[in-house]
Amino acid sequence: MDEYYLLSYIFYILKKIKKSPINFYYQQKIMQNFKRLDLFGSVFTLNINRHDKEFRSIIGGITSFLLYSCSLAYFIYKIYLWSSGLIQPNINSQSTSFDYQEHTFQTPPIGINMFTSQEDPFDLQNNYVTFFYQQFDGQNSTESKVIKPYSRNLSGSSTFIEPQNISLVLNPTGLKGAEQKRSLKGAIYLVLCDSKFTIFNITCASEEKLQSFINKFQGIQLWITVNIYNTDTKQMQTVVQEIYVQLDIYAPFISQVQFKMTEQEVDDNIFISTSENSKYISSCNIVTQPVSQTILINQHGIQGFGMFMISLSSDGNRQKVTYPKLGEILADVGSIMSTLLSISIIAQLINSYLLEEQILYQIISLYFPDIKNYLVKKDYFGKITSVQINNKSQDIQQYQIKFDMLKEKARNKITFVNQLYEISRLQFLIQGLVDRQILINSHKLGIKWEQLEDESMSQIVNTYGFQLEDFTILSLESLEKQDDIKFQYHT
């Protein structure tokens, strides 16, 4: 019950505060403060005449049409290029060094094709050259695998060698983590067929044929497959590099084939930044050095033409591909439009000149009404070409001198200070003609509002002696009604 009385008392106090004069005062203060915060205040400007608030000209209209047409055409052109993917993305690429990388090739990165006039040297049943593939996990090597040839229908040879399921790991510092693996490399051996290869179900050619094969120069074509990112299709594209290697059993070689990785970030969202990350083999370095047959036998246990050591390079790239967004295209269009619209300053200057000429002519015609009887013709550059009145030609030079003199006087006449000066002279003149009290009482003079509500009273003189027509008795509107005259600048 006490709570009910307490709430009733609070509502009673609030009602009193609402009705108090002090509360009304603060309400007004708050409204005035909100009024001062208004950012959309407007300024009153006088119209040039009854119909136009701004002066417009044919030159300004043509200029505006050309500017907006060019801006619209450029906007459509840029949108077409952007929607068609013809605007190249921004590619930011920098070289870097990796401590850890791993990659499993979905397709063989290396292919070997041999040029020879002999019968197929890779034939496992009449073999001359055998290709072995071996992987190294740290210091340990896996079991050697024979790379079996297959038909590829190449001109000059019917077989092709490609090692399958190659996985490489770069871990030179031995970093260990939950998902990190030990360093993993690979090697391709080009071995002269040996009788001990029978364990691989390989049958060598006869000694006579092998010796004949050795005595002839042989060569292989090495195919290296890498990837590049196609910015037009937004897809990976395969690139094959072809390298020719001369073989000599008496001058074997060891080639280091290091594949470079690229970590790529692609942002192709049209509104906000989103990233799609990927890794791929972007290039390779091949370093070849000659060795002796003894080194191959002692260090690698083979006798042959050479070997290719395959690994991942610690050098690589980080690349970010950013496609243009809609906001960037609109900003580009906006900057071009701003540049084009800057030309509008010329049109504005021309309009300002024409407006001044028209106003000065109208002011002169107020004091010299017969000037409207003169027909003045001008060329495109504003130069007077003829002056006529009543179909009679007048002296152009005399007319120009008089008109220029009147224009200068009219230009001084419409200045703000001169307007105030002339009004002050009129005040003193009227004050010298009528009693001072009459001027004071003039603040009460006016047309009665009832004349607007009752048309029958519009012709009745009110208490102060004024009619409804007096509202515009000295305006240009009244003059146009009487004489049907419209002020315009003759060109």
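Treat the numbers as computed from the prediction; the structure is a model and nothing was measured.

Caption draft 1: Broad picture of the state of the cysteines. Under the defined criterion, the tally for this structure stands at 1 disulfide. There is a disulfide in this structure between cysteine 193 and cysteine 204, and the S-S distance comes to 1.9 Å. Given an S-S torsion of about -80°, the disulfide between cysteine 193 and cysteine 204 has left-handed geometry. With cysteine 193 in the loop between β10 (184-192) and α4 (207-215) and cysteine 204 in the loop between β10 and α4, this pair connects stretches of sequence that are 11 residues apart. A relative accessible area of 7% places cysteine 193 in the buried class.

Caption draft 2: Local environment of the nonpolar core. If you look at the biggest cluster of nonpolar residues, it comprises 39 residues, and the most contacted ones within it are Ile110, Ile112, Phe131, Ile188, Phe259 and Phe308. In terms of nonpolar packing, the next biggest core, distinct from the first, is built from 12 residues, Tyr361, Ile371, Val387 and Leu406 among them.

Caption draft 3: Representation of the confidence of the model for the protein. Of all residues in the protein, 80% attain a pLDDT of 70 or more, and the chain-wide mean is 80. When mean pLDDT is compared element by element in the protein, strand β13 (residues 253-267) scores highest at 92, while strand β7 (residues 150-154) scores lowest at 53. Scored below 50 in pLDDT, residues 153-157 shows 6 contacts in the model against residues more than four places distant or in partner chains. Across residues 485-491, where pLDDT falls below 50, the model places 20 contacts with residues more than four positions away in sequence or in other chains.

Caption draft 4: Main features of the pattern of salt bridges. Per the stated rule, a full pass over the model turns up 11 salt bridges. Two residues, lysine 234 and aspartate 268, come together in a salt bridge whose shortest N-O distance is 4.0 Å. Taken as a pair, lysine 234 in the loop between β11 (218-230) and β12 (235-247) and aspartate 268 in the loop between β13 and β14 (276-290) lie far apart in primary sequence, 34 residues in all. The exposure class of lysine 234 is partly exposed, given its relative accessible area of 36%. In this structure aspartate 268 comes out as partly exposed when scored by relative accessible area, which is 32%. The partner of glutamate 263 in a salt bridge is lysine 279, with the nearest N and O atoms 3.7 Å apart. Highlighted residues: glutamate 263 in strand β13 and lysine 279 in strand β14, separated in sequence by 16 residues. Owing to a relative accessible area of 21%, glutamate 263 belongs among the partly exposed residues under this scheme. One salt-bridge network, in which partners are shared between bridges, spans Glu263, Lys279 and Arg318.

Caption draft 5: Fine view of a nonpolar patch on the surface. On the surface, a nonpolar cluster with roughly 580 Å² of combined accessible area is contributed by Leu426, Leu429, Ile430, Leu433, Val434 and Ile438. Top contributing element to the nonpolar patch by residue count: helix α9 (residues 416-433), with 4 residues. Within the secondary structure, isoleucine 430 sits in helix α9.

Caption draft 6: Region of the structure containing helix α8 (residues 396-413). Under the 1.5 Å per step criterion, the end-to-end length of α8 is 25 Å for 18 residues, consistent within 8% with the ideal 26 Å. Listed in full, the buried residues belonging to α8 are Tyr399, Phe403, Leu406, Lys407 and Ala410. Mapping the buried residues of α8 onto a view down its axis gives an arc of 110°, with all of them on the same face. Away from its buried face, by an angle of more than 90 degrees, α8 presents the exposed residues Gln397 and Lys409. Looking at the buried positions of α8, the neighbouring elements they touch are α7 (344-367), β16 (374-378) and β17 (384-389). Among the residues of α8, the N-terminal cap falls to aspartate 395, whose side-chain oxygen and the backbone nitrogen of glutamine 397 are separated by 2.9 Å.

Caption draft 7: Quick peek at the pairing of β11. Where burial is concerned, most of β11 is hidden: 10 out of the 13 residues are buried. Looking at chain direction, β11 and β12 are connected through 13 bridges and run antiparallel. Each bridged residue has a counterpart across the sheet, and for glycine 219 the counterpart in β12 is glutamine 246. Linkage of β11 to β12, two consecutive antiparallel strands, is achieved through a turn of 4 residues, within which lysine 234 is found at a positive phi near 60°.

Caption draft 8: Here's a closer look at the sheet that holds β17. Read from one edge of the open sheet, 3 strands run β16-β17-β18, paired in antiparallel fashion. In this open sheet, the two strands that pair with only one neighbour each are β16 and β18 (392-393). When β16 meets β17, the two strands line up antiparallel, connected through 5 bridges. Among the inter-strand pairings, lysine 378 is bridged to a residue of β17, identified as isoleucine 384.

Caption draft 9: Fine view of the packing of aromatic side chains. A complete count under the given rule lists 7 aromatic pairs for this structure. Both rings, one in phenylalanine 253 and one in phenylalanine 308, keep their centres 5.4 Å apart while their planes meet at 65°; by these two values the pair is edge-to-face. With phenylalanine 253 in strand β13 and phenylalanine 308 in strand β15 (residues 304-322), this pair connects stretches of sequence that are 55 residues apart. Measuring from ring centre to ring centre gives 6.3 Å for tyrosine 361 and phenylalanine 403, while their planes differ by 45°; the resulting arrangement is tilted. Here phenylalanine 403 lies in helix α8 and tyrosine 361 lies in helix α7, a separation of 42 residues in the sequence. By relative accessible area, tyrosine 361 is classed as buried at 4%. Lying over the aromatic face of tyrosine 323, lysine 234 brings its terminal NZ or CZ to 4.5 Å of the ring centre.

Definitions and limits used
Residues numbered from 1 in each chain as written. Predicted model: local features only at pLDDT ≥ 70, side-chain atom pairs only at ≥ 80, totals over all residues. Heavy atoms only, no water. Disulfide = S-S within 2.5 Å. Helix = DSSP H or I, 4+ residues; strand = E, 2+ residues; numbered from the N terminus. Buried < 20%, exposed > 50% of the residue type's maximum accessible area, 1.4 Å probe, protein only. Core = buried A, V, L, I, M, F, W, Y, C linked by side-chain atoms within 4.5 Å. pLDDT = per-residue confidence, 0-100. Contact = heavy atoms within 4.5 Å. Salt bridge = Lys/Arg side-chain N within 4 Å of Asp/Glu carboxyl O. Patch = residues over 30% accessible without salt bridge, like charges linked within 9 Å, V, L, I, M, F, W, Y side chains within 5 Å. Areas by Shrake-Rupley, 256 points an atom, 1.4 Å probe, with all protein chains shown as cover. Expected span 1.5 Å × (residues − 1). Arc of directions from axis to C-beta. Polar contact = N/O pair within 3.5 Å; in protein donor to acceptor, adjacent residues only side chain to side chain. Pairing = 2+ DSSP bridges. Phe/Tyr/Trp six-rings, centres within 6.5 Å; stacked < 30°, edge-to-face > 60°. Lys NZ or Arg CZ within 6 Å of the ring centre and 35° of its normal.

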